[in-house]
Amino acid sequence: MKRFMAAAALVVFLALPATVCLAGQSNTGCGLGSVIFKGQEGLLFQVLAVTTNGTFGNQTFGITSGTLNCAQPSRFASNERINTYVSENMDNLANDIARGQGEYLNTLAVLMDVPEGSRTAFYTTLQGNFSRIYTSSSVTSTDVVRNIEALM
Amino acid sequence: MRIGPGRGYRCSACCISFFLFYCNLFLPGDLQAHAQDLPYLEEVLGRARIQRLHEDRYWHVLMHYEKNMFGVKSRIDDPKFFLAPDGKTNPASELDATIRAFFAPAEDASTSPVCRFAARYEWISQRLNLDPARLPVAGCTPFRDFMDRLKPESATLVFPMAHLNSPASMYGHTLIIVEAAKASKLLAHSISYSAVTGETFGPAFAVKSMIGLYPGYFSVLPYYAKLQEYSDVDHRDIWEYPLNLSEAEIRRMMLHVHELDSIASDYYFFDENCSFLLFTLLEAARPTVALTEKVHGWVIPLDSIRMIRDQGLVSDAVYRPSRTTKIRHLASCLPENGQDWALELATSDTGDSPSADRTLSLREQRMTLDLASEYLQYLYTKDEVPVETYQGRLLRILQARSRLGTSPEDEIPKIQPPVQPDRGHRSNRVAFGLGYAGDSWFSEFRIRPAYHHLMDSDDGYVEGAHLVFADVILRYHARDDKVMLEGLDLIDICSLSPRDRFFHPVSWKITTGFTRVERGGEERPMVYEVNPGVGLSMKTETLGLLYVMAEAGLLAGGVLEDNYSAGAGGSAGFVRSFHGFCKLHGSVRDLYYGLGDGFNAFEASLQQSFFLGPDRSVSLGIARRKTDSCYHTEATLMGNLFF
């Protein structure tokens, strides 16, 4: 069966133009857009990438931004989990803070030990101060944690 | 856990980057002897022999032993996994060597066999009632640290569905996530098995992965990282099946994961794949589970969920829509002008916020901005917006959104979860039926091992996606009392992915295999066909999915003049589903073979399927074909069984 399927797959590859282009991953530091990885274009790539469940090239998700180049905020400096979480979920967290609700925001509240009873107030505060948290388009995750900390 | 070459990912939050190197177990004899409690070792070995512990099923689970003609053989290929030279095939000598290793003095507890093979140690010490005080190493700090970080109290089986516009990904992937109590699901850790390679040439990768030329490893990553990969970048909806494992069972599973850290087992795409390796984890968790022995030939991730369900480990699933699904849903809840606003906000830096549009209610304004930010993020993952533009635009949309307050509960209608994947049809299919062609009757038999046909029920699958491997068609003609191979579709993939205001996918197909062609004579000769196509499709209320495709055709065979025909043409059709009860597909296709053996082939066909439960259907087909100037009509009635 394995051999047969391998042969069958070969036939498909021969039937399609055999070029695969793998774009490099972007690594822009710790700001917005840093941890969203580009999808691959091209039908051949899709067939190959998704049929094989493998981890070649971009198929594997890599967390390349992280907090490596980011300064540590003061109060939560010891809390590596918060910094890592915010830096690795910058975009989805920003979505949720702007909406005042959502799974990414709940998770932040869990990590920051915000008691259940005060969460709604916490979310409203963050939403109301969105522009103070996300001060510019080049805001970094460190800034975000520091700005949230200042509001608490 | 395992960091592959050139992939540059960091196991940040989980940080279980304990690279445990193989310790020097075979110290010179005199060095070992003085520190060992030899009488106790002999006593323990004796007890193990009396209990015939090496025959215990759990020992075979932990060692991944599989029965064969000569006895057993472990599926693990990494020599680091075995302590006895013949451990791969000899459970008794491996057990003996393992127990001896636990008694050997160790320089560093964290690299000692007790720690390195923590699952075996816990089980053996429990079964043989070992006294830790009489062993050189009493416990395993790295495993304790690993558990402290993960605090796993519940486990979930995760199945990402097909990739947008890529039916081949229906094959899918499965992983397990473990969660700490009272934490958010995003902070769970995913345990996933895959092939590891620096190979960047796709075809080489695909073929090598099928014949087991790559090592496979488990990796542990935060679940949010996996969600970004599947949900945000690949646009796959995800199903989460809570596993009813107790904490003790999860602990056993984690011990085994820990033991398999940086141990390679050759990755085979068809059988020893992600799903198969998860079976071994579940068997390690709950010894009464029997999954690996039920695998014959291949295991498809979706089928693996049914097998796990049948073992009583999962039942209901939670649906997690991908970003694409959320975008489609939000758009469907908005009037046209709201959708236009969202598009404009995501694609240009001019224009006002939708609050400027007095015709939109506050609720609609909120949804418009939500749609705009989701869509902008989608465009960014598709590389259609440069990062600086993206950052500025996203911030502008989100600032506007933050001023509109929080949506009350139920303001946005919930996304209705589709049919759970394990409740759809099974992936093997046999079909029996009758047909009439030319001027005679025939009976037909078809069998295919995988996976989903355009005419099969979409319950549990992605609409418009078609992936068929190795479909064999046999016909028995009563007239000349002969069974003939009518066709063999080696690979048949079709993706009808509808275009709309937000998404502009290209629909495509590729079919290759053996087929019969009309070339004038009595016998319809068999040729090898390659038939790719590319086109567009859209969704309509009345006719369902409408599509048009430009197609190319290449036929090869000794019966053709110059041994081949090559040409081009097109096809068009519609696929309409009626409330999961039946499906209708009408199509026309015209191909002109201009090169080699030249001819024209036209076909108009109508197919209909009636679904009688998830695993049974009846299909009717009628086709009118014209080859040059000869007309043929063919009708079939088939009963399909999925198993």
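This section reports on the structure supplied with the text. None of the values given here were measured: they were computed from a predicted structure.

About the thresholds
Residues numbered from 1 in each chain as written. Chains lettered and ligands numbered in written order. Predicted model: local features only at pLDDT ≥ 70, side-chain atom pairs only at ≥ 80, totals over all residues. Heavy atoms only, no water. Helix = DSSP H or I, 4+ residues; strand = E, 2+ residues; numbered from the N terminus. Buried < 20%, exposed > 50% of the residue type's maximum accessible area, 1.4 Å probe, protein only. Contact = heavy atoms within 4.5 Å. Areas by Shrake-Rupley, 256 points an atom, 1.4 Å probe, with all protein chains shown as cover. Disulfide = S-S within 2.5 Å. Core = buried A, V, L, I, M, F, W, Y, C linked by side-chain atoms within 4.5 Å. Pairing = 2+ DSSP bridges. Expected span 1.5 Å × (residues − 1). Polar contact = N/O pair within 3.5 Å; in protein donor to acceptor, adjacent residues only side chain to side chain. Patch = residues over 30% accessible without salt bridge, like charges linked within 9 Å, V, L, I, M, F, W, Y side chains within 5 Å. Salt bridge = Lys/Arg side-chain N within 4 Å of Asp/Glu carboxyl O. Phe/Tyr/Trp six-rings, centres within 6.5 Å; stacked < 30°, edge-to-face > 60°.

### With respect to the overall build of chain A
Next, step 1: Helix and strand counts for chain A come out as eight helices and zero strands.
Next, step 2: In sequence order, the secondary structure elements of chain A are arranged as α-α-α-α-α-α-α-α.
Next, step 3: Looking at chain A residue by residue over its 152 residues, the buried ones come to 60%.
Next, step 4: For chain A, restricting intrachain contacts to residue pairs at least 6 apart in sequence, the fraction spanning at least 24 positions comes to 60%.
Next, step 5: Counting only carbon and sulfur atoms, one obtains 53% of the accessible surface of chain A, whose full area is about 5800 Å².

### What to know about the state of the cysteines
Residue and element names in this part refer to chain B.
Next, step 1: Considering all chains together, one arrives at one disulfide over all chains under this definition.
Next, step 2: Disulfide pairing places Cys-115 opposite Cys-140 at an S-S distance of 1.9 Å. A torsion of 65° about the S-S bond marks the disulfide between Cys-115 and Cys-140 as right-handed. Of the two residues, Cys-115 sits in helix α5 (residues 113–116) while Cys-140 sits in the loop between α6 (118–127) and α7 (141–150), which places them 25 residues apart along the sequence.

### Examining the nonpolar core
Next, step 1: Counting 91 residues, the largest nonpolar core has Ile-99, Ile-124, Leu-243, Leu-245, Met-253, Met-254 and Ile-308 of chain B as the members making the most contacts within it.
Next, step 2: In terms of residue count, the dominant contributor to this core is helix α11 (residues 274–285) of chain B (eight residues).
Next, step 3: In contact with Met-254 of chain B, not counting residues within four places along its chain, are Phe-143, Phe-146, Met-147, Leu-150, Pro-152, Val-178 and Ile-191 of chain B.
Next, step 4: Counting 66 residues, the second largest nonpolar core, distinct from the first, contains Leu-93, Tyr-134 and Val-139 of chain A together with Ile-397 of chain B.

### Focus on unusual backbone geometry
A negative phi angle characterises most non-glycine residues, just as the trans form characterises most peptide bonds.
Residues and elements named next belong to chain B.
Next, step 1: In the Ramachandran plot, His-64 falls in the positive-phi region, its phi being about 60° despite a non-glycine side chain.
Next, step 2: On the secondary structure map, His-64 appears in the loop between α3 (57–62) and β1 (65–68).
Next, step 3: Taking relative accessible area as the criterion, His-64 reaches 5% and is therefore assigned buried.
Next, step 4: Unusually for a residue other than glycine, Ala-470 sits at a positive phi of about 45°.
Next, step 5: As for its position among the elements, Ala-470 is in strand β13 (residues 465–477).
Next, step 6: Given a relative accessible area of 9%, Ala-470 falls into the buried group.

### Observations regarding the pairing of strand β18 (residues 564–578) of chain B
All names here are of chain B.
Next, step 1: Where strand β17 (residues 544–556) and β18 come together, 12 bridges link them in antiparallel fashion. Within β18, the residue paired with Leu-545 across the bridge is Val-575.
Next, step 2: In terms of strand pairing, β18 meets strand β19 (residues 582–596) through 14 bridges, oriented antiparallel. Considered in β19, the bridge of Gly-569 is made with Leu-591.
Next, step 3: From the end of β18 to the start of β19, which pair antiparallel, there are three residues, and His-579 there has a positive phi angle of about 45°.

### Digging into helix α4 (residues 91–103) of chain B
The periodicity of an α-helix, 3.6 residues per turn, causes residues three or four positions apart to be oriented the same way.
All names here are of chain B.
Next, step 1: Here α4 contains 13 residues, and its C-alpha end-to-end distance of 19 Å stays within 8% of the 18 Å for a straight helix at 1.5 Å per residue.
Next, step 2: Along α4, the positions that sit buried rather than exposed are Pro-91, Glu-94, Leu-95, Ala-97, Thr-98, Ile-99, Ala-101, Phe-102 and Phe-103.
Next, step 3: Its buried side turned inward, α4 meets α2 (38–51), α3, β1, β2 (71–74), α5 and α6.
Next, step 4: For α4, the side-chain oxygen to backbone nitrogen distance between the N-cap and Ala-92 is 3.1 Å, and the N-cap itself is Asn-90.

### Some words on a nonpolar patch on the surface
Next, step 1: Judged by side-chain polarity, Leu-474, Tyr-476, Val-483 and Leu-485 of chain B come together as a nonpolar surface patch covering roughly 310 Å² of accessible area.
Next, step 2: Along the chain, Val-483 of chain B falls in strand β14 (residues 482–495).

### A short note on the packing of aromatic side chains
Residue and element names in this part refer to chain B.
Next, step 1: If you walk through the whole model with that rule in mind, you get 22 aromatic pairs over all chains.
Next, step 2: Ring centres 5.0 Å apart and planes at 45° place the aromatic pair Trp-239 and Tyr-319 in the tilted group. Placement of the pair is Trp-239 in strand β7 (residues 238–243) and Tyr-319 in strand β9 (residues 318–320), with a sequence separation of 80 residues. As far as the burial class goes, Trp-239 and Tyr-319 line up, both buried.
Next, step 3: Where Tyr-436 meets Trp-441, the ring centres are 5.0 Å apart and the plane angle is 65°; that geometry is what we call edge-to-face.
Next, step 4: For Tyr-436, a relative accessible area of 33% gives the class partly exposed.

### Overview of the side chain of Thr-511 of chain B
Residues and elements named next belong to chain B.
Next, step 1: Here Thr-511 is to be found in strand β15 (residues 507–516).
Next, step 2: A polar side-chain atom of Thr-511 sits 3.1 Å from a polar atom in the side chain of Asp-492.
Next, step 3: Those residues in contact with Thr-511, other than ones at most four positions away along the chain, are Asp-489, Ile-491, Asp-492, Glu-529, Val-530 and Asn-531.

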